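Structural overview
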Amino acid sequence: LGAVGRRVKVWWPIDAIWYTGQIKSFDPDTATANLEYECDGHKEKVVLYKEKYVWLDANGREDMHEMQRFEYLVKWKEFSHLHCEWVPEGELLQLARQKLMNFHEKYGW
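Here goes a summary of the coordinates provided. (Residues numbered from 1 in each chain as written. Predicted model: local features only at pLDDT ≥ 70, side-chain atom pairs only at ≥ 80, totals over all residues. Heavy atoms only, no water.)

Focus on the overall build of the protein
For the protein, the helix and strand inventory stands at 1 helix and 7 strands. The helix and strand sequence of the protein, counted from the amino end, reads β-β-β-β-β-β-β-α. Expressed as lengths along the three principal axes of its C-alpha atoms, the size of the protein is roughly 50 × 30 × 25 Å. Scored against the burial criterion, the 109 residues of the protein give a buried share of 33%. Look at the contacts in the protein between residues 6 or more apart in sequence, and 30% of them connect residues 24 or more apart. Accessible surface computed for the protein: about 7600 Å², of which carbon and sulfur atoms make up 53%. Averaging the locations of the 15 positively and 18 negatively charged side chains of the protein gives two centres separated by 3 Å. (Helix = DSSP H or I, 4+ residues; strand = E, 2+ residues; numbered from the N terminus. Buried < 20%, exposed > 50% of the residue type's maximum accessible area, 1.4 Å probe, protein only. Contact = heavy atoms within 4.5 Å. Areas by Shrake-Rupley, 256 points an atom, 1.4 Å probe, with all protein chains shown as cover. Lys, Arg positive; Asp, Glu negative; His and termini not counted. Charge placed at Lys NZ, Arg CZ, Asp CG, Glu CD.)

Printed below as a string of structure tokens:
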């Protein structure tokens, strides 16, 4: 599948940090990826749809075209609640990355 060989960042909520790894194999029947982390070579089986992850492009940057399709209901500062709107995660990462990270630290994934 297209996932094998791809680099990915996986959020570890207990450590409150993203770890980068590479997909070594993928089982489509269980949606399980064998992931090897770059920082220490640790290997683990990961069910991707149960994890918070971001694909990386060939340059190691977040691949905005393949981000998970999460949306957040945003109440914009200095606007009334009537102007709340659903915003895709990729857009929020560009507009307010630290606020999004703070939200996840406080409320989890």
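As for the packing of aromatic side chains
Evaluated as defined, the whole model comprises 6 aromatic pairs. Their ring planes at 80 degrees and their centres at 6.3 Å tell us that Y19 and Y37 sit as a pair that is edge-to-face. Separated by 18 residues along the polypeptide, Y19 in strand β2 (residues 17–27) and Y37 in strand β3 (residues 32–37) bring together distant segments of the chain. With 6.1 Å between their ring centres and 85 degrees between their planes, Y72 and F103 make a pair best called edge-to-face. Pair noted here: Y72 is in strand β6 (residues 71–74) and F103 is in helix α1 (residues 89–107), with a separation of 31 residues, a long-range link. Residue F103 is classed as partly exposed on the basis of its relative accessible area, which comes to 36%. Members of the aromatic cluster, joined through ring pairs, are W12, Y19 and Y37. (Phe/Tyr/Trp six-rings, centres within 6.5 Å; stacked < 30°, edge-to-face > 60°.)

What about the environment of Y107?
Position of Y107 among the secondary structure elements: in helix α1. Of the residues examined, Y107 reaches a relative accessible area of 55% and is grouped as exposed. With 70 residues separating them in the primary sequence, Y107 and Y37 have C-alpha atoms 26 Å apart.

It is worth stressing that arrangement in space is one thing and function is another; only the former is reported here.
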